[in-house]
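Fold and geometry: a report
Spelled out from the first residue to the last, the chains are:
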Amino acid sequence: MLKPLITGNWKMNTTIAEGVGLVMRLRELVRGVEDVEVAIAPPFTSIHHLRFLIADSPIKLAGQNLSTEKNGAYTGEVSGEMLRDVGCDYVIIGHSERRQHFAESDETVNKKIFAALRAGLKPIVCVGETIEEREGGKTLAVVKRQIKTGLKGLGPGMVKDLVAAYEPVWAIGTGKNATAEQVEEVHNALRELLYEKFGTASAKDLRIIYGGSVKPENIDSFMAQPNIDGALVGGASLKAEDFARIVKFKKTSRGKHS
Ligand code: 13P
C-alpha cells in the first residue's frame with residue numbers, strides 16, 4: 001500500500017522570500033517523517049528556489065496547474081515537462097478554482113492528465129460538488145461524472161501514480177469542512193468506480209485524498225476513515241506549524257494507515 005499523501009496547495013500566495021521562510025520552518029518540523037508522503041504546491045515563481053531547500057527532506061514539489069501542450073506558442077502557459085525540469089513530482093489538475101475561474105471542463109482535465117503522464121508527473125485530479133448539487137442529492141453523480149470523463153482513455157497500466165482528490169466546493173476556504181462520514185461515503189463510491197474501471201489489481205493502491213478546510217483540529221478524524229488516504233490542504237498549509245501537525249496526524253486502528 002502506498003503511503004498517505006499530505007499536499008499543501010499554496011494557491012496564489014507567497015513571494016519567494018515568504019516561501020523560503022515557510023519551507024525552512026517546515027523542513028525542520030517534518031524532519032524524519034517517513035510514513036507519510038509530503039508535497040507542497042507553491043506558485044511557479046518560487047519552485048526553483050525551493051527545490052534546493054527541500055533536498056534531504058521528505059518534502060516533494062507539485063505544480064498547481066499545467067498546460068495540455070508540451071511547448072510552443074502558448075503565451076502564459078507552463079508545461080508538464082517544465083514542471084519536471086524544475087523538480088516537481090506531482091501536479092494538481094482540475095482544481096475547482098480552475099474550473100470556476102478559468103472554465104476548465106472535464107475534457108480539459110482529461111487532456112491535462114495525459115499531459116502530466118507524458119511528462120512523468122503524478123496527477124492529483126480534483127473533483128467535488130457545489131452546495132446546490134449536494135443539496136439536490138447529486139453529489140455522487142457529479143463526482144463520478146468528473147472522474148469518468150476526466151480519466152477517459154486511460155488504461156489500467158496508467159493509473160498507478162494517479163491521486164484522486166475529493167474537494168467539495170462548499171468546503172474550500174470556508175472553514176466549513178465536510179464531516180469524515182460525508183467524505184468516506186464519497187471516497188468509497190469513487191473507490192468502487194475506480195475498481196470497476198481499472199480492475200482491483202491496478203486501482204488498489206490508488207490514493208483518494210480529501211480537501212476542504214482541513215486543519216490540525218480535524219485531520220485525525222479524516223485519517224481514521226478507511227478510504228481517506230491523505231489531504232489536500234489550502235489555507236492551513238501556509239502556516240508551517242499547522243501543516244506539520246496535519247502531516248503528523250494521529251494514527252488510529254480504524255484507519256488503514258496506522
Ligand atoms: P482550504 O484548505 O483553504 O479550504 O483549501 C482547500 C483547497 O482548495 C486545497 O486545494
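Residues numbered from 1 in each chain as written. Predicted model: local features only at pLDDT ≥ 70, side-chain atom pairs only at ≥ 80, totals over all residues. Heavy atoms only, no water.

With that settled, consider the overall build of the protein. When you go through the protein residue by residue, the secondary structure sums to 11 helices and eight strands. At 17 Å, the protein has a C-alpha radius of gyration in line with the 18 Å of a compact globule built from 258 residues. Dimensions of the protein, computed from the C-alpha atoms along their principal axes, are close to 50 × 45 × 35 Å. Counting every position in the protein, which comprises 258 residues, the buried fraction comes to 52%. Sequence-distant contacts, at least 24 apart, represent 74% of the contacts inside the protein between residues at least 6 apart. (Helix = DSSP H or I, 4+ residues; strand = E, 2+ residues; numbered from the N terminus. Rg over C-alpha atoms; globule rule 2.2 N^0.38 Å. Buried < 20%, exposed > 50% of the residue type's maximum accessible area, 1.4 Å probe, protein only. Contact = heavy atoms within 4.5 Å.)

Attention now moves to the state of the cysteines. The full count for this structure, using the stated rule, is zero disulfides. Take C88: it sits in no disulfide, and the sulfur closest to it among the cysteines is that of C126, at 15 Å. By relative accessible area, which is 1% here, C126 ends up buried. (Disulfide = S-S within 2.5 Å.)

Now for the pattern of salt bridges. As enumerated under the stated definition, the model contains 18 salt bridges in all. Its salt-bridge partner being R207, residue E37 comes within 2.7 Å of it at the nearest N-O pair. One end of the pair, E37, is in strand β2 (residues 37-41); the other, R207, is in strand β7 (residues 207-211), with 170 residues separating them in the sequence. The exposure classification of E37 matches that of R207, with both residues buried. Between R98 and E104 there is a salt bridge whose closest N-O contact spans 2.8 Å. Here the salt bridges do not stand alone but share partners, grouping R27, E28 and R31 into one network. (Salt bridge = Lys/Arg side-chain N within 4 Å of Asp/Glu carboxyl O.)

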